[in-house]
Amino acid sequence: MAELAEQSVTDFFTYPPIGGDDWRYTFATAYVRALETQLLSRATLLDMANAENFERAADLLSAGEYALPQANRSVAELENFLRNKRSAVRKMFSSLMVDEPIVTLFRTRDDFANMRLAIRRTVTERPLGTDYSDDGNVSAELFEEVFEQENYSLFPDYMAEAVERAVLAYYQNKDIRRIDYAIDSVQAEYNIREAHRLENIFLLGFFRIQIDLTNIRTMFRLKFTESDRRDVFLQGGFVEPDRLKHGLDLDYDAVGQLFFATPYHRLVETGAAYLLSDKSFLRTEQQCEDFLIGFLKTTNQITAGPQPVIAYLLMKENEIRTVRLLLTAKRNSLDTKLILDRLGE
Amino acid sequence: MDYGLTLALVGAGLAALMAGIGSAVGIGIAGRSATGVLSEKPERYGQMFIMVVLPGTQGFYGFLAAFLVMLNLNFFGAGGVPEISVQLGWQVLAACLPIAFAGMFSAIHQGKVCAGGILMAAKRPEMAFKAGVVYAVMVEVYAVLGLLVTMFILLKGLSWPTVG
Amino acid sequence: MLANVNATRMELLQLRRRVTLASRGHRLLSEKRDEISRQLIKIARDIQPLRKKVEKELLETFRRFMLARALMEPEDVKAALEVPTKKFTLAVEFASVMNVKVPHLLKEMAGEIICYGFTATSGELDVALLALERAFDDLIGLAEKEKQARLLATELNMTRRRVNVLEHVVIPELQGTIRFIYDKLAEAERDNTTRLMKIADIIRA
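One structure accompanies this document, and this report is about it. Since the model is a prediction, treat every value here as computed from it, not as a measurement.

**Notes on the overall build of chain A**
- Across its full length, chain A carries 16 helices and zero strands.
- A compact globule built from 345 residues would reach a C-alpha radius of gyration of about 20 Å, and chain A, at 21 Å, matches this within 12%.
- Projected onto its principal axes, the C-alpha positions of chain A cover 50 × 50 × 45 Å.
- Considering only residue pairs separated by 6 or more positions, chain A has 69% of its internal contacts joining residues 24 or more positions apart.
- Element-wise, carbon and sulfur atoms account for 49% of the exposed surface of chain A, whose accessible area totals about 14500 Å².
- Treating the 41 positive side-chain charges of chain A as one cloud and the 54 negative ones as another, the clouds have centres 4 Å apart.

**Some words on the interface of chain B and chain A**
- On the side of chain A, 16 residues touch chain B, which itself brings 15 residues to the contact.
- Carbon and sulfur atoms supply 68% of the area buried between chain B and chain A, which totals about 1300 Å² over both sides.
- Linking chain B to chain A there are one salt bridge.
- Listed by contribution, the elements that provide at least two residues to the side of chain B that touches chain A are helix 1 (4-38) and helix 4 (86-123) of chain B.
- Of the residues assigned to the side of chain B that touches chain A, the class counts are five nonpolar, five polar and five charged.

**Description of unusual backbone geometry**
- For A:K174, which is not glycine, the phi dihedral falls at a positive 50°.
- Mapped onto the secondary structure, A:K174 falls in the loop between helix 8 (157-173) and helix 9 (176-197).
- One non-glycine residue, B:N74, lies in the positive phi region at around 60°.
- Classification of B:N74 as buried rests on a relative accessible area of 14%.

**Digging into the environment of B:F49**
- Relative to the helices and strands, B:F49 is located in helix 2 (residues 45-53).
- Between the alpha carbons of B:F49 and B:A30 there is a distance of 9.6 Å; along the sequence they are 19 residues apart.

**Brief notes about the environment of A:D59**
Residues and elements named next belong to chain A.
- Locating D59 in the fold gives a position in helix 4 (residues 54-61).
- Judged by its relative accessible area of 37%, D59 is partly exposed.
- Those residues in contact with D59, other than ones at most four positions away along the chain, are Q70 and R73.

**A word on the interface of chain C and chain A**
- Taken together, the 35 residues of chain C in the interface contact 44 residues of chain A.
- Here chain C packs against chain A, burying approximately 3700 Å² in sum over the two surfaces, 55% of which is carbon and sulfur.
- For chain C, the biggest contributors to the area lost against chain A are C:L71, C:F118 and C:T119; these three give 19% of the whole.
- Here chain C and chain A share five salt bridges between them.
- Connecting chain C to chain A are 19 residue pairs in polar contact (both at pLDDT 80 or more).

**Describing the packing of aromatic side chains**
Residues and elements named next belong to chain A.
- One pass over the structure, following the stated rule, counts 21 aromatic pairs over all chains.
- Between Y158 and Y190, the aromatic rings sit 4.3 Å apart at their centres with planes inclined by 25°, giving stacked as the arrangement. Taken together, the residues span a long stretch of sequence, with Y158 in helix 8 and Y190 in helix 9 at a distance of 32 residues.
- The class of Y158 is buried, set by a relative accessible area of 8%.
- A cation sits over an aromatic face here: R283 above Y274, 5.8 Å from the ring centre.
- One residue, R331, lies across the ring of F54, its end atom 4.0 Å from the ring centre.

Procedures and definitions
- Residues numbered from 1 in each chain as written.
- Chains lettered and ligands numbered in written order.
- Predicted model: local features only at pLDDT ≥ 70, side-chain atom pairs only at ≥ 80, totals over all residues.
- Heavy atoms only, no water.
- Helix = DSSP H or I, 4+ residues; strand = E, 2+ residues; numbered from the N terminus.
- Rg over C-alpha atoms; globule rule 2.2 N^0.38 Å.
- Contact = heavy atoms within 4.5 Å.
- Areas by Shrake-Rupley, 256 points an atom, 1.4 Å probe, with all protein chains shown as cover.
- Lys, Arg positive; Asp, Glu negative; His and termini not counted.
- Charge placed at Lys NZ, Arg CZ, Asp CG, Glu CD.
- Buried area = accessible area lost by both parts, 1.4 Å probe.
- Salt bridge = Lys/Arg side-chain N within 4 Å of Asp/Glu carboxyl O.
- Nonpolar A, V, L, I, M, F, W, Y, C, P; charged D, E, K, R; others polar.
- Buried < 20%, exposed > 50% of the residue type's maximum accessible area, 1.4 Å probe, protein only.
- Polar contact = N/O pair within 3.5 Å; in protein donor to acceptor, adjacent residues only side chain to side chain.
- Phe/Tyr/Trp six-rings, centres within 6.5 Å; stacked < 30°, edge-to-face > 60°.
- Lys NZ or Arg CZ within 6 Å of the ring centre and 35° of its normal.

And the structure:
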């Protein structure tokens, strides 16, 4: 465990280790393995992308669990439908996980999202509103209560810390974006810390990859928008921030070389080429997603353990996002090429 | 006081006990895996069944070895159980150990292999027998070898007292 | 022909003055009309490609935005776009084209348009917002031009109506009246002459 924390990019070939079996998860693993067979196949997704119009694309889904109601297929209804699907998956995840802390850890994602919204509203003196996500550890009601009374001690520690750092960062020069940067880094640190505490090699690897991928995307986005911020990279990934900062000064063709010794070489190279030719991050994001899914798929080696269950949650969430992408794209009749670029071939 | 009989009984006990524990754990693992898959795909029951049952064989082997010891000690015949020498007691104990240990460990590992096989069968039903069952049977082989050694010693290697 | 006119020499002189005035006005107004339509054509010629460009840019932005939105979790989208950092002020000042007051839009933009962090947002959102920022200039230019065109068109319509009224109603009417008064006066003259001749005959006899 200790060594892994120190590991840098060159210590593994493509994906970091995921740890061993945990026989308490035998049932849960078998259950998600059976569910995995029902994930939408690549062929279905491609057929949807190539469908003539929205109705055709939606009909392709009608055989499975994503069958939309025939009568009402408006965008709002669609969003709602997919959000319910996501809640259902998360609920199933929490019922399958034996280790409560892991469930908590994944629920914090919604806490942090809620917090971004609430702090923005607080510092700009807008009404707090009631439209917070209820999928976090802290319920939407408590959330409003805490921010109304500004009594942050009701929050769990990590959130209190995030609120404090975010507000402080904002008042340094009244920049809204600093709230996000602060919360992002608190979230990254918290994830890594929890993975250490739970002694879960898989989670640690996952969060470190996530940080790397975010950093790489950030690097491209900074280059693209010609922004001069250099202090926004997250700490704790496998790739050291210095390499990323160096990447900011290089040309798009040269960035790939910089990552030559890392597992992200191909990803960076493909992303940079597409960004240069099409002025879009679609390819970068598709590659990042594929990399992460590739890592999650290595949990196939595990016969019983929390890893496959976590992987299933994340893959299912990803699938829901993809379905939303395809259906919205079809409804607004976007170019099939764009969709295919995002899906990858 | 001769403790030959005690040693022989300890041997028989160990054979049944350890192999039994192994089988119970093994079936437990495979069974939980199978229920996980079956709760989504009940139609796979037939394929799963054989893989859940496989780790159970070691328990029978242990029981068989213990039964052989008891049979030779005339537990079930007329005339009662004879006194046996300490030396024979040790020999019986040694004879029981192969199936005791081989049974226990092979059953647990076979359970894990079966669980893996069940997970694979969930995704690729056509491979269920080709890989899942065959690999589990490979583990079984070593339990069978342990049983064979135990049986050879018990049946051929020892001079049991004749009741009479 | 005007009703209720006094067929007097005084009136005739006055009407003649009005006719000269009206035709001078007519000439001026029709010159103004030509100039306005020239200006209008110039603006309209600019508007067409600009409008096409803006429409294309907005469509592109909209598509990118749709993609970005679909790729992000709904709560992240909400958090990212809740509070904008870009400050935008618009002032209007008026310029005069052919004595028509046309608006001229002055905009002031400050701050960056990207108002969120990097972790939970998609790069496509950056692309969409930057495209929107670029489209803004053209959009405002287009709004300004379209308003100008509309105002000029109204003015053109009014001028054209005035010219027509002068040409087809006022001037002919005045000329009719003049002819009427002239006839009336000539009639009175002849009447007088006849009467004088008759008196001369009576005296001679």
